Amino acid sequence: TYLAWSYCEGFLHSYSRLAPFDDILKISCRSAYLLGQNGQYAEARAKLEQLDPNSLRSLKASQYWLIFRGILQLRQDIHGGNLDSADQLLSQLLQCRGGDPDISFELDTLHIELMVQRGNYDNALRRVEEIASSFKREGEDIFFRLKLLNMKALLFNKCGRPQKGFSVAVRAATIAWRAHLLPPLWEAIGIIASVLTSLYEFSAASRILTTIIPRALECEDAALSAELWGFQVDAYMGQAGQEISQSLQRKDMLTLALEGIGRCFGEWSKLGDKRRMSECTAKKGLILSALGEVEAVVNVKGVYNDLMAA
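This structure is a prediction, so every number in the text was calculated from the model and none was measured.

**Q** Can you help me understand the overall build of the protein chain in this one?
**A** When helices and strands are tallied, the protein chain shows 15 helices and zero strands. Relative to the compact-globule value of 19 Å for 310 residues, the protein chain shows a C-alpha radius of gyration of 21 Å, a close match. C-alpha atoms of the protein chain, sized along the principal axes, occupy 70 × 45 × 40 Å. Buried positions account for 46% of the 310 residues belonging to the protein chain. Partitioning the intrachain contacts of the protein chain with sequence separation of at least 6 by distance along the chain shows that 59% fall at a separation of at least 24.

**Q** Help me out: how do you make sense of the nonpolar core in this one?
**A** It is characteristic of soluble globular proteins that their nonpolar side chains tend to be buried jointly. Counting residues in hydrophobic clusters, the biggest one holds 46 residues, and the most contacted among them are W186, L209, L228 and W268. Where this core is concerned, the elements lending two or more residues are α8 (142-158), α9 (166-179), α10 (182-198), α11 (202-217), α12 (222-242), α13 (248-271) and α14 (274-291). A per-element tally of this core places α12 first, with 10 residues. Setting aside its immediate chain neighbours within four residues, W186 contacts I212, R215, A216, C219 and L228. With 32 residues, the next largest nonpolar core counts A32, Y33, A44 and A61 among its residues.

**Q** Got a minute to help me understand the environment of Y15 in this structure?
**A** With respect to the secondary-structure elements, Y15 resides in helix α1 (residues 2-15). Linking Y15 and K270, residues 255 residues apart in sequence, is a C-alpha distance of 32 Å.

**Q** Is there a simple way to explain the environment of Q37 in this structure?
**A** Position of Q37 among the secondary structure elements: in helix α2 (residues 21-37). Relative accessible area serves as the criterion here: at 18%, Q37 is assigned to the buried category. With sequence-adjacent residues up to four places away left out, Q37 is seen in contact with T1, C219, E220, D221, A222 and L271.

**Q** What should I look at first to understand the packing of aromatic side chains in this one?
**A** Two descriptors summarise a pair of aromatic rings, namely the distance from one centre to the other and the angle between the planes of the rings. Under the defined criterion, the tally for this structure stands at five aromatic pairs. Ring centres of Y2 and W5 lie 5.9 Å apart, and the angle between their planes is 40 degrees; on these two criteria the pair is classed as tilted. Of the two residues, Y2 and W5 are both situated in helix α1; the distance of three residues between them amounts to about one turn of the helix. With centroids separated by 6.0 Å and ring planes inclined at 40 degrees, the aromatic side chains of F11 and Y15 adopt a geometry described as tilted. Here F11 and its partner Y15 are both found in helix α1, four residues apart, which amounts to about one turn of the helix.

**Q** Looking at this structure, I do not really get the pattern of salt bridges. What am I missing?
**A** Any two side chains of opposite charge can pair, given that their charged atoms come close. Counted by the stated rule, this structure contains 16 salt bridges. Salt-bridge contacts for R127 lead to E130; the nearest nitrogen and oxygen are separated by 3.0 Å. Of this pair, R127 and E130 both sit in helix α7 (residues 121-138), three residues apart, which is roughly one turn of that helix. Accessibility expressed as a relative area gives 42% for E130, which makes it partly exposed. With its nearest N and O atoms 2.9 Å apart, the salt bridge here joins D234 to K283. Note that D234 is positioned in helix α12 and K283 in helix α14, a separation of 49 residues in sequence.

**Q** When you look at the packing of helix α6 (residues 101-117) against α8 in this model, what are you seeing that I'm missing?
**A** Between α6 and α8, the least distance of the axes is 12 Å, while the angle of their chain directions is 0 degrees. Our classification of the angle between α6 and α8 gives roughly parallel. Residue-level contacts link P101, D102, F105, T109, I112, E113 and V116 of α6 to F144, K147, L148, M151, L155 and K158 of α8.

**Q** Please clarify how α9 should be interpreted in this entry.
**A** For an α-helix, 3.6 residues make a turn, and residues three or four places apart therefore share a direction. In this model α9 runs 20 Å from its N-terminal to its C-terminal C-alpha over 14 residues, within 8% of the 20 Å that 1.5 Å per residue would give. By the burial criterion, the buried members of α9 are V168, A169, A172, A173, I175 and A176. Tucked into the core, α9 has its buried residues touching α8 and α10.

**Q** What am I meant to see in unusual backbone geometry here?
**A** Backbone phi values are negative for most residues with the exception of glycine, while trans is the configuration of most peptide bonds. One non-glycine residue, Y200, adopts positive backbone phi at about 70 degrees. Residue placement: Y200 occurs in the loop between α10 and α11. Although it is not a glycine, Q246 adopts a positive phi angle of roughly 70 degrees. Here Q246 shows up in the loop between α12 and α13.

**Q** Teacher, can you tell me more about the side chain of N150 here?
**A** Here N150 lies in helix α8. For N150, the side chain forms a polar contact with the main-chain oxygen of P184, separated by 3.2 Å. Among residues more than four places away in sequence, those in contact with N150 are A172, P184, E187, A188 and I191.

Definitions and cut-offs
Residues numbered from 1 in each chain as written. Predicted model: local features only at pLDDT ≥ 70, side-chain atom pairs only at ≥ 80, totals over all residues. Heavy atoms only, no water. Helix = DSSP H or I, 4+ residues; strand = E, 2+ residues; numbered from the N terminus. Rg over C-alpha atoms; globule rule 2.2 N^0.38 Å. Buried < 20%, exposed > 50% of the residue type's maximum accessible area, 1.4 Å probe, protein only. Contact = heavy atoms within 4.5 Å. Core = buried A, V, L, I, M, F, W, Y, C linked by side-chain atoms within 4.5 Å. Phe/Tyr/Trp six-rings, centres within 6.5 Å; stacked < 30°, edge-to-face > 60°. Salt bridge = Lys/Arg side-chain N within 4 Å of Asp/Glu carboxyl O. Axes fitted to C-alpha atoms, helices over the stretch in contact; angles between N-to-C directions. Parallel < 35°, antiparallel > 145°, perpendicular 65-115°, else oblique. Expected span 1.5 Å × (residues − 1). Polar contact = N/O pair within 3.5 Å; in protein donor to acceptor, adjacent residues only side chain to side chain.

Printed below as a string of structure tokens:
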């Protein structure tokens, strides 16, 4: 991801005076999108605002710029819990998405994420199937296919049926490995580890996640990093539950879980996702309680109440 962003910045720095405005616009939007993926919304907006207003007077350029600006705002609204605002913005963007397949797929993905935030898992799964069917008819991009497979597996996970998503995640991991597409590969392997956790194979899940998390962090995708840290915390807590009460091994596992939940919270806070931050805080309280840190638990409760009130 950093290399892709560097190419964008290198082009804008060295060739912006010579290149057609259409190229400058598309590369600026790509750069802004990569920044927004890591929760850097202010920097992403600044990147879009740097474009020459006179060149944006044409309808095509203006519409493309507005759609990308809308996608950034929509992502921020979904993570921030402003779901009514996100619904309105999404309906507007869907009407003017044009023929760009990347933009269309991004909006479809955000539509599914919005359903997930509302807890409409059945509708989200149905929408995933509809998009997959349309790709089969019209031809599909491998990356889009992998994204849909991972979303399907995650939805099964959220519905309390993680084993059903196991075969889907394995298929996604196999395709991603063959295509050398790393972000969807790490996501698929993370889902497989989560399924292993649901089967009480905590040690195996933890070893898998310990291997892939450093590589996944290179993708600079805050949501992906947060999901993987969350899976790792669950594996650590499962291992702690298998140890003898008050043993050193149990304390070590809980300490690792506490460190992991802090990293998970940090990634969700980049995106401003208050709901996920609240979940992390509640889980942190459970870990501290298991460690016997009574005063720390009281402080965590205060933080949790503040997040719920925000």
